[in-house]
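Now for the letters of each chain:
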Amino acid sequence: MKLTFGGAAGTVTGSRYIIQSGRRRILVDCGLFQGYKQLRLRNRAPFPVTPRSINKVLLTHAHLDHSGYLPALVRDGFRGEIMCTEATRDLCELLLRDSGYLQEEEARYANLRGFSKHSPAEPLYTVADAERSLTHFRVVPFKTEFDLGDGLHASFLPAGHIIGAALIRVSRDGRSMVFSGDLGRTNSALLKAPTKLQEVDTLILESTYGNRVHEEADPFALLAKIICDTAAQGGSVLIPSFAVGRSQDVMLGLSRLKRDGAIPNLPVYLDSPMAIDASELYRRHRDQHRITVAECRAMFGVAKMCNTAEQSKAIANSAVPSIIIAASGMATGGRVLHHLKRLLPDSRNHIVFVGFQAGGTRGAHMVEGATEVKIHGEWHTVRAAVSQLHGLSAHADADQIMQWLGSLRRAPRQVYLTHGEPAASDALRLRIKSHFGWPVHVPEHLESAEVPL
């Protein structure tokens, strides 16, 4: 059987793995490339195989770097089923529609302002494309085996990254291959720990934090100090945050800080319709997280929900110090851009990034100390303070990945490290090889390998 690494090789975005077994083609994840321009251009390139030739798609979870290319895949000819867990389907209904809308809006805005090199600027896909892709989704419960054809079977195992996130186990004749997707943390305040594996023959493992461990300091204690200091000088705190997963983590932390009197009673705004809808899904799928009903209620009551553009503009026009949570988490699009344009020039304000910033993204530029950033075709001076809190990442760090691997009762035949920047993947490769003595390889983009399955 042939496995081709169609994305997330040498980068943390564009997760796409193509399984070729006889005449069957299975695609695991179908993500967007984000960050550097040379990566984003891959979204416009022809898919590595003809979409119509793919029989099924299996999704590890709903984040756009794993699901965001699906509307284009369906538009270009894919006719099969997209298999995933229930929560992943529910989240994709939000994320893909929103992504299509943002693609259309960015193209419209580029044409209006004339800052695109293309005339006219065209969206990668549309809301209508996203709607069509959603008709292909089929839900499979966790730990339920289903048929892929050609003797292959698959199942989803809880991965703990966001609700619905899964490890994907593909098996045949007693041999198995597992895709980790994004592996969750063992000590998350919100989500349950990822499933521990006992055995696997071929493991495709993420390495986002392969060369780092999360800070031991309480990230919310650090956030509390930032909020207190910023409020004291009359500024506002803007938290660019992923609508799914990270926004809910931040609201849980803020609700606890307010409960304990650790921060002033500033207004808190969740300015992201998608994050608001995603928060409701976290209520619905309570079996997948750790917190009590009371904490769940407090978490979703801490912020004023801003659904409309008028509500978002009202925040922008307010002179009252506040805490604003807005998507996207890497400041690549969405309402957060309008808040950045307003808040960046004022040194009283503070921008707090609460997750990994992929190379080449606007967020990465800011945490690296950029003195100006380009938004909607115009340059904006960065005078506001900029911080990054690593402790809120929903990814397992290097130590947690090693602990998770330690549950295996025998050595895999092969480990492939993907979904990481080159330095992170190579550091984890060396660590696994040194500690366990297992064969480990970091594949390149579009590299293929024969898998004994």
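Within any chain, residue numbers begin from 1 and follow the written order of that chain's sequence. Reporting of local features is limited, given that this is a predicted model, to residues whose pLDDT is at least 70; pairs of side-chain atoms are given and counted only at 80 or more, and all residues count toward the totals for whole chains, interfaces and linings. As a rule here, side-chain values come from all non-hydrogen atoms in the structure, and water together with hydrogens is ignored.

A. Expanded view of the overall build of the chain. Segments assigned H or I by DSSP are reported as helices when at least four residues long, segments assigned E as strands when at least two residues long, and all are numbered from the N terminus. The secondary structure content of the chain amounts to 14 helices and 22 strands. Taking the principal axes of its C-alpha atoms as reference, the chain extends roughly 65 × 50 × 40 Å. Expressed as a percentage of the 453 residues in the chain, the buried residues total 57%. Between two residues, a contact is recorded if the distance between any of their heavy atoms is within 4.5 Å. Long-range pairs, those at least 24 residues apart, make up 74% of the contacts in the chain between residues at least 6 apart in sequence. Here, Shrake-Rupley sampling with a 1.4 Å probe gives the accessible areas, and only protein chains in the shown set may cover a residue. As displayed, the chain has an accessible area near 18000 Å², and 49% of this comes from carbon and sulfur atoms. Charged residues are defined here as Lys and Arg on the positive side and Asp and Glu on the negative side; His and the ends of the chain fall outside this count. Where a charge sits is defined by one atom per residue type, namely NZ (Lys), CZ (Arg), CG (Asp) or CD (Glu). In the chain, 53 positive and 45 negative side-chain charges are present, and the distance between their average locations comes to 1 Å. Partly exposed residues are those whose accessible area sits between 20% and 50% of the maximum for their type, while under 20% is buried and over 50% is exposed, using a 1.4 Å probe and protein chains only.

B. Representation of the packing of helix α7 (residues 246-259) against helix α8 (residues 273-284) within the structure. Angular values range over 0 to 180 degrees, each being the angle between N-to-C directions of two axes fitted as lines to C-alpha atoms, with helices fitted over their stretch in contact. Where α7 meets α8, the axes come as close as 9 Å, and the angle between the chain directions of the two elements is 75 degrees. Classified by the interaxial angle, the pair formed by α7 and α8 is roughly perpendicular. Of the residues in α8, those touching α7 at Ser247, Gln248 and Met251 are Ala275, Ala278, Ser279 and Tyr282. Angle categories are assigned with fixed cut-offs, so that under 35 degrees is roughly parallel, over 145 is roughly antiparallel, 65 to 115 is roughly perpendicular, and the rest are oblique.

C. Region of the structure containing the pairing of strand β7 (residues 146-149). Relative to strand β8 (residues 152-158), β7 runs antiparallel, the two sharing three bridges. When the bridges of β8 are listed, Asp147 appears paired with His153. Here, a strand pair is defined by DSSP locating no fewer than two bridges between the strands.

D. Here's a closer look at the side chain of Ser255. Summarising the element assignment, Ser255 is placed in helix α7. Residue Ser255 is classed as buried on the basis of its relative accessible area, which comes to 11%. At a separation of 2.7 Å, a polar atom in the side chain of Ser255 contacts the main-chain carbonyl oxygen of Leu252. When neighbours within four sequence positions are excluded, Ser255 is seen to be in contact with Ala298, Met299 and Val302. Pairing of N or O atoms within 3.5 Å defines a polar contact, subject to two protein rules: one partner must be a possible hydrogen donor and the other a possible acceptor, and residues neighboring in sequence count only if both atoms are side-chain atoms.

E. Quick peek at the sheet that holds β8. Reading across from one edge, β7-β8-β9-β10-β11-β20-β21 is the order of the seven strands in this open sheet, with mixed pairing throughout. Where the open sheet ends on each side, the last strands, each with one partner, are β7 and β21 (440-441). Here β8 runs beside strand β9 (residues 166-172); their pairing, made up of six bridges, is antiparallel. Within β9, the position partnered with Pro158 by the bridge is Ala166. In the packing of helix α13 (residues 398-405) onto the sheet, the strands contacted are β9 and β11 (202-206), and the crossing angle to β11 comes to about 160 degrees.

F. A look at the pattern of salt bridges. In the sections that follow, a salt bridge refers to a side-chain nitrogen of Lys or Arg positioned within 4 Å of a carboxyl oxygen of Asp or Glu. With the rule as written, the count across this model stands at 22 salt bridges. One salt bridge in this structure joins Arg89 and Glu93, with 3.9 Å as the shortest N-O distance. Residue Arg89 and its partner Glu93 are both found in helix α4 (residues 86-113); the two are separated by four residues, about one turn of the helix. When its relative accessible area of 24% is taken as the criterion, Arg89 is described as partly exposed. A relative accessible area of 28% places Glu93 in the partly exposed class.

G. Broad picture of helix α5 (residues 127-134). Listed as buried for α5 are Asp129, Ala130, Ser133 and Leu134. The arc enclosing the buried residues of α5, seen along the axis, measures out at 140 degrees, which places them on a common side. In this fold, the buried residues of α5 make contact with α3 (70-75), β5 (81-84), α4 and β6 (137-139). The arc under discussion is defined with respect to the helix axis, by the directions toward the C-beta atoms.

H. How the structure looks around the packing of helix α6 (residues 219-232) against α7. For the pair α6 and α7, the least separation of the axes is 10 Å and the interaxial angle reads 70 degrees. The orientation of α6 relative to α7 falls into the category roughly perpendicular. Note that α6 runs across α7; the crossing there is right-handed. On the side of α6, the interface is formed by Phe220, Leu223, Ala224 and Ile227, while α7 contributes Asp249, Val250, Gly253, Leu254 and Leu257. If you view the pair so one helix is near and one far, a crossing is left-handed when the near helix is turned anticlockwise from the far one by less than a right angle, and right-handed when it is turned clockwise.

I. Structural view of the state of the cysteines. Disulfides are defined as pairs of cysteine sulfur atoms found within 2.5 Å of each other. The final tally for this structure, using the stated rule, is zero disulfides. Note on Cys92: no disulfide assigned, nearest cysteine sulfur contributed by Cys84 at a separation of 6.0 Å.

J. Main features of the side chain of Ser188. Structurally, Ser188 is set in the loop between β10 (175-179) and β11. By relative accessible area, Ser188 is classed as buried at 16%. Among the polar contacts made by the side chain of Ser188, one reaches the main-chain amide nitrogen of Leu191 at a distance of 2.9 Å.

K. Quick peek at the environment of Leu39. Note on placement: Leu39 falls in helix α1 (residues 37-40). Sequence separation between Leu39 and Gly14 is 25 residues; the distance between their C-alpha atoms is 8.5 Å. Once residues lying within four places of it in the same chain are set aside, the contact partners of Leu39 are Thr11, Thr13, Phe33 and Gln34.

All quantities given are derived from atomic positions and should not be read as evidence of function.
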